[in-house]
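Residues per chain are reported as follows:
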Amino acid sequence: MTAHSRERGSHVGRPRTHGLPFTVPGLSGPGTSASPRDGGSSEAAATPPGASARGSVAPGAGQEPPVASWPGAFTPGGMPPRGGEVRPPAAPAPGGSAPVPRGNGSRHRKPPQRRASAPRLPKNVRLAVALVLAAGVLGLGFLDGGFGGEGSPEQTVQAFLLDWQGAHYAQAAALTDGAAPDVTAQLAASYTDLDASNETFAMLAVKQHGTTAVATYAATVDVAQGGQQWSYVGHFGLTARGGTWVVNWAPSVINPSLGAGDRFAVATSFAPRASVVGMDGKPLLAKSADYRIGVYPGKLKNAVATATAFSEVINLDEQQVLGQIQASPPGGYLALLTLSPADFRALWPKLAKVPGLSYQQESNRLFSSSVQEITGTVDTEDSGVLRQEGAAYQPGMTVGVGGLEQTYQDTLIGTPTTTVEVVSATGHVKKQWTLQGGHAGTPVATTLNVQQQDSALDALAGAPNSAEIVAVDSATGAIRVLASRTAGGGQLPSGGLLNARVEPGMAFSIVSAAALLSTGVAANIPLPCEPVADVGGVTFTYQPVTAPGSTFAMDFANGCDTAFATMSRTLTARQLTTAERGFGVGSSWALRLPSFSGSASAVSGDADVAAQATGTGGVLMSPLGMATVAAEVASGTGHSPLLLSTDSPTTWQMPLSSAALVELRQMMRLAVTSGAAHAADLTGTPVYGQAGVVQTGKGSYLSWFVGYRGSLAVAVLETGTSASQAAASLAGSFLKTVG
């Protein structure tokens, strides 16, 4: 993207440090000043940075004056405060000596500058040192012109630069030989055209030749809302007239490249917002239509009217909007607001009435994601987050809301490239300065497999009910799929794939079976599946009843909770808890997003143990938590789940002997080949798993499938109106497509 293709804000993003003066979770930056519109002081709004309400100015707007590093600088700390200067007599400014407001007032507060951690003197001592240094310079003087004496050009140069820096434009104009109204207007316009928040000037040298002299100065301007600093060296001539030195006025006094009819402009360009990507580098946000609402600044008949009307519709600060319009190159298109198609349809009938406003349709990765739970969303200039945090308006600003887009906002957005331009009266760019510091955002790489993610979405599209699928690489813990779809068949649990808290039912029997096997219970031990079982005074029921001669493995395969409740009498509460912890239930995950590894209430007594063994009784799991359970059986090693490619997992050894692990896998295979999870069975690479159904309300159910195929472990959750094992069928559809 060139500096002119998206001038002043038709970018996608915001500067990381300077250009976003607000704070949201995951972001940092100073706040923005209150404007009269927002209840702030109108006097403060009209006072330029660096100037008090009474018109005095200290270099750096209340900060330490910057040390001039140019050779031959007269004042090591810049120029002294206005209160300590000695000024030559000057003609009164037309219309009085009040400072001329910069444009429509100071629109932005300059972000505080951090300096090196050198020892700092007390403020009164620093001021005294600055005054002594200035007095020393004045006392030394210039051998050829009597610096400090009456009629020396240095006094006029110093006074002019101080008035210019303090926004006392009429007073500065009175020290020139130009027409006072024209000089005043040109000095004020140079500040407004740069959308500046502060400017300082340091006198470097004055060379006198009889009744003429040439002054050289250093200028530093915070342009584009204080986001970038522009420094340059300027010069101007002076002539002695009747014992008084005056500045020879020309636009080049402001900058050597300015000629008659020229103006400054600022073009800010951003690389497109970087993407949250999958393991193969493919973006997780899809390209979608967006609408750029904007203006051609040079064609506006009344910029104030346009800014005011636009701001009223969008509820933005009209002074900040106006500042952006005034500072932009007149010939380019300035995008003021980016809208999604839905927002465009809602707002354009009102925006179309704003004079000079038009729109351009583009396609960018902003508003559409198949993994919104993970990526979050992206908002633009009228975001509620930006308003809540008091962010200064900046065209093209984007902010992540939720998910990784918010967590990694600064990484994804990068910093802008800002160009200062000199533009002729005809709109031709005569000169450019590209400021340092701009760079594109950096993508955030996740472990998600975009191809497998698409396969999951295809499988979900064929399901009649709401459902979700999570898949994990059992060898590493890397999350490969996080897909969900809401349909007409019920509401999915709140919290999503990572953070939902759901009873797993008999899908949890993978854990309780491991606990039983670890105590020496054999898979082939006879264990009848009864319709009713009473354990510790609590009744458990199961339908349909299996045939006589059932074994522990067969009861597991069929999801017979009465058999598990009965067998749980051989378990102690501690043994069950040890198995739960061995599968990572209740462990801490280092994911960057809210997540839930599961929980199980403390148990005591046969009834509590039996309830937890059947996946109820205070057991809660997320879909991701159940997928990690299946992954641990597949690999024999527990892994904490990973979402970012740069993360490292926590691992632990499974609390089962090799022989017991083989038995558990055989039981899970039996559940798929001839048990409750049979709908997930596929030819080729075998599928292992377990199914379960939990009633969540009257006529409302959630079915589970938890298992693995090859190195991919999955958990599938589907809503329904009956106790059917629908999730197993959905799991089979997904696993078939990914191999």
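Above this text is the structure in question.
Residues numbered from 1 in each chain as written. Predicted model: local features only at pLDDT ≥ 70, side-chain atom pairs only at ≥ 80, totals over all residues. Heavy atoms only, no water.

Asks: What is the right way to look at the overall build of the protein in this model?
Replies: What the protein contains, in helices and strands, is 22 helices and 25 strands. Taking all 739 residues of the protein together, the buried fraction comes to 54%. The long-range share in the protein, meaning contacts at least 24 apart out of those at least 6 apart in sequence, stands at 70%. By element, 53% of the accessible surface of the protein is carried by carbon and sulfur atoms, the whole surface being about 29,300 Å². (Helix = DSSP H or I, 4+ residues; strand = E, 2+ residues; numbered from the N terminus. Buried < 20%, exposed > 50% of the residue type's maximum accessible area, 1.4 Å probe, protein only. Contact = heavy atoms within 4.5 Å. Areas by Shrake-Rupley, 256 points an atom, 1.4 Å probe, with all protein chains shown as cover.)

Asks: Is there a simple way to explain the packing of helix α15 (residues 509-518) against helix α21 (residues 658-674) in this structure?
Replies: Packed helix pairs are specified by the crossing angle of their axes together with the interaxial distance, meaning the distance between the axes. Two numbers describe how α15 lies on α21: the axes approach to 10 Å, and their chain directions differ by 145°. For the pair α15 and α21, the crossing hand works out as right-handed. Residue-level inspection shows I510, A513, A514 and L517 of α15 in contact with α21, the latter providing A660, E663, L664, M667 and M668. Partitioning the contact of α15 with α21 into residue classes produces eight nonpolar, no polar and one charged. (Axes fitted to C-alpha atoms, helices over the stretch in contact; angles between N-to-C directions. Left-handed = near helix turned anticlockwise from the far one by under 90°. Nonpolar A, V, L, I, M, F, W, Y, C, P; charged D, E, K, R; others polar.)

Asks: Mind showing me how you'd approach the sheet that holds strand β23 (residues 687-697) here?
Replies: Strands in a sheet are paired, the pairing made by backbone hydrogen bonds, and the direction either parallel or antiparallel. What the five strands build is an open sheet, ordered β16-β15-β25-β24-β23; its pairing is antiparallel. Lying at the two open borders of the sheet, with one neighbouring strand each, are β16 (479-485) and β23. Ignoring which end each strand starts from, the neighbouring axes of this sheet average 10° apart. Two elements, strand β15 (residues 467-473) and strand β25 (residues 712-720), share seven bridges in a ladder whose sense is antiparallel. Residue pairing across strands places E468 opposite L717, the latter belonging to β25. Each of β15, β16, β24 (700-709) and β25 touches helix α20 (residues 623-635); the most contacted strand, β25, lies at about 145° to it. Here α21 sits on the sheet in contact with β23 and β24, set at roughly 70° to β23. (Pairing = 2+ DSSP bridges.)

Asks: Just to check I follow, could you spell out the packing of aromatic side chains for this structure?
Replies: Given two aromatic rings, one states the distance between the centres and the angle between the planes to describe the pair. Under the criterion given, the structure shown has 19 aromatic pairs. Seen in terms of ring centroids, W164 and Y217 are 5.7 Å apart; in terms of plane orientation they differ by 70°. Their pairing is edge-to-face. Of this pair, W164 sits in helix α3 (residues 153-165) while Y217 sits in strand β2 (residues 212-223), and the two are 53 residues apart along the sequence. Note on W164: relative accessible area 1%, which makes it buried. Each ring, one from W348 and one from Y359, has its centre 5.0 Å from the other, and the planes form 80°; the classification is edge-to-face. With W348 in helix α8 (residues 341-351) and Y359 in strand β9 (residues 358-369), this residue pair connects regions lying 11 residues apart in the sequence. Through a chain of ring-to-ring contacts, the aromatic side chains of F160, W164, F201, Y217, W230, Y232, F236, F264 and W433 assemble into a single cluster. Lying over the aromatic face of Y296, K299 brings its terminal NZ or CZ to 4.7 Å of the ring centre. Sitting above the plane of the F596 ring, R501 keeps its charged end 4.0 Å from the centroid. (Phe/Tyr/Trp six-rings, centres within 6.5 Å; stacked < 30°, edge-to-face > 60°. Lys NZ or Arg CZ within 6 Å of the ring centre and 35° of its normal.)

Asks: Any chance you could explain the pairing of β25 here in plain terms?
Replies: Note on strand geometry: in a regular strand, side chains alternate between the two faces of the sheet. In terms of burial, β25 is largely enclosed, as nine of its nine residues are buried. In β25, alternate side chains face the same way, and those of L712, V714, V716, E718 and G720 on one face and A713, A715, L717 and T719 on the other are all buried. Sheet topology note: the β24/β25 ladder contains nine bridges and is antiparallel. Bridge assignment links S703 to a residue of β25, and that residue is E718. Remark: two residues form the turn of the hairpin made by β24 and β25, two consecutive strands paired antiparallel; G710 in that turn has positive phi of roughly 65°.

Asks: Sorry, what's going on with the sheet that holds strand β12 (residues 417-423) here?
Replies: Taken in spatial order, the three strands of this open sheet run β5-β12-β13, and their pairing is antiparallel. Sheet topology places β5 (263-269) and β13 (429-434) at the edges, where each strand pairs with a single neighbour. Going across the sheet, the axis of each strand differs from the next one's by a mean of 25°, ignoring polarity. The pairing of β5 with β12 spans seven bridges and is classified as antiparallel. The residue of β12 that forms the bridge with A267 is T419.

Asks: What should I look at first to understand the state of the cysteines in this one?
Replies: When the sulfur atoms of two cysteines share a covalent bond, that bond is a disulfide. This model, assessed by the stated rule, comprises one disulfide. With a sulfur-sulfur separation of 2.0 Å, C529 is cross-linked through a disulfide to C560. When the S-S torsion is 100°, as for the bridge of C529 with C560, the disulfide is right-handed. Taken together, the residues span a long stretch of sequence, with C529 in the loop between α15 and β17 (532-535) and C560 in the loop between α16 (552-558) and α17 (561-567) at a distance of 31 residues. With respect to class, C529 is no different from C560; both count as buried. (Disulfide = S-S within 2.5 Å.)

Asks: I would appreciate a short explanation of unusual backbone geometry in the present structure.
Replies: Working note: non-glycine residues mostly have negative phi, and peptide bonds are mostly trans. The backbone of D195 sits at a positive phi, close to 50°, despite the residue not being glycine. Mapped onto the fold, D195 is located in the loop between α5 (180-193) and β1 (198-209).

Asks: Would you explain the pairing of β15 in this entry?
Replies: Within β15, seven of the seven residues are buried, leaving the element largely enclosed by the surrounding structure. Burial along β15 is two-sided: the residues A467, I469, A471 and D473 and E468, V470 and V472 are all buried. Where β15 and β16 come together, six bridges link them in antiparallel fashion. Bridge pairing links V472 to I479 in β16. Where β15 hands over to β16, the hairpin turn is made up of five residues, of which G477 adopts a positive phi near 85°.

Asks: So what exactly am I meant to see when it comes to the side chain of S509 here?
Replies: Mapped onto the elements of the fold, S509 is located in helix α15. Apart from the residues lying within four places of it in its own chain, the contact partners of S509 are F556, F564, A613 and Q690.

Asks: Looking at this structure, how should I read the pattern of salt bridges?
Replies: Here the structure, examined in full by the defined rule, presents nine salt bridges. Notably, a salt bridge pairs D290 with R292, separated by 2.9 Å at the nearest N-O pair. Both residues of the pair, D290 and R292, belong to the buried class. A salt bridge links R592 to D647; the shortest N-O distance between them is 3.1 Å. With R592 in the loop between α18 (573-582) and β19 (599-600) and D647 in the loop between β21 (637-639) and β22 (651-653), this pair connects stretches of sequence that are 55 residues apart. (Salt bridge = Lys/Arg side-chain N within 4 Å of Asp/Glu carboxyl O.)

Asks: Help me understand the nonpolar core, please; the structure alone is not making it clear to me.
Replies: Side chains of nonpolar character tend, in soluble globular proteins, to be buried together. L482, F552, V633, L643 and L664 are the most contacted members of the largest nonpolar core, which has 81 residues in total. Per-element accounting of this core gives the leading share, eight residues, to α20. When neighbours within four sequence positions are excluded, V633 is seen to be in contact with I510, F583, M654, L661, L664, R665, M668 and Y708. (Core = buried A, V, L, I, M, F, W, Y, C linked by side-chain atoms within 4.5 Å.)

Asks: Would you take a moment to explain the environment of A219 for this structure?
Replies: Looking at the element boundaries, A219 is found in strand β2. Placed 11 residues apart in sequence, A219 and W230 show a C-alpha to C-alpha distance of 8.0 Å.

Asks: Would you mind showing me how to read α20 here?
Replies: The periodicity of an α-helix, 3.6 residues per turn, causes residues three or four positions apart to be oriented the same way. The terminal C-alpha atoms of α20 lie 19 Å apart, and with 13 residues this matches the ideal 18 Å at 1.5 Å per residue to within 8%. The buried fraction of α20 is high, at 12 of 13 residues. Where α20 is concerned, the buried positions are P623, L624, G625, M626, A627, T628, V629, A630, A631, E632, V633 and A634. A positive phi of about 80° marks G636, the residue just after α20. (Expected span 1.5 Å × (residues − 1).)

Asks: Can you walk me through the environment of A303 in this structure?
Replies: Checked against the element boundaries, A303 lands in helix α6 (residues 303-314). Linking A303 and L322, residues 19 residues apart in sequence, is a C-alpha distance of 6.9 Å. Setting aside residues no more than four positions away along its own chain, A303 makes contact with L322 and I325.

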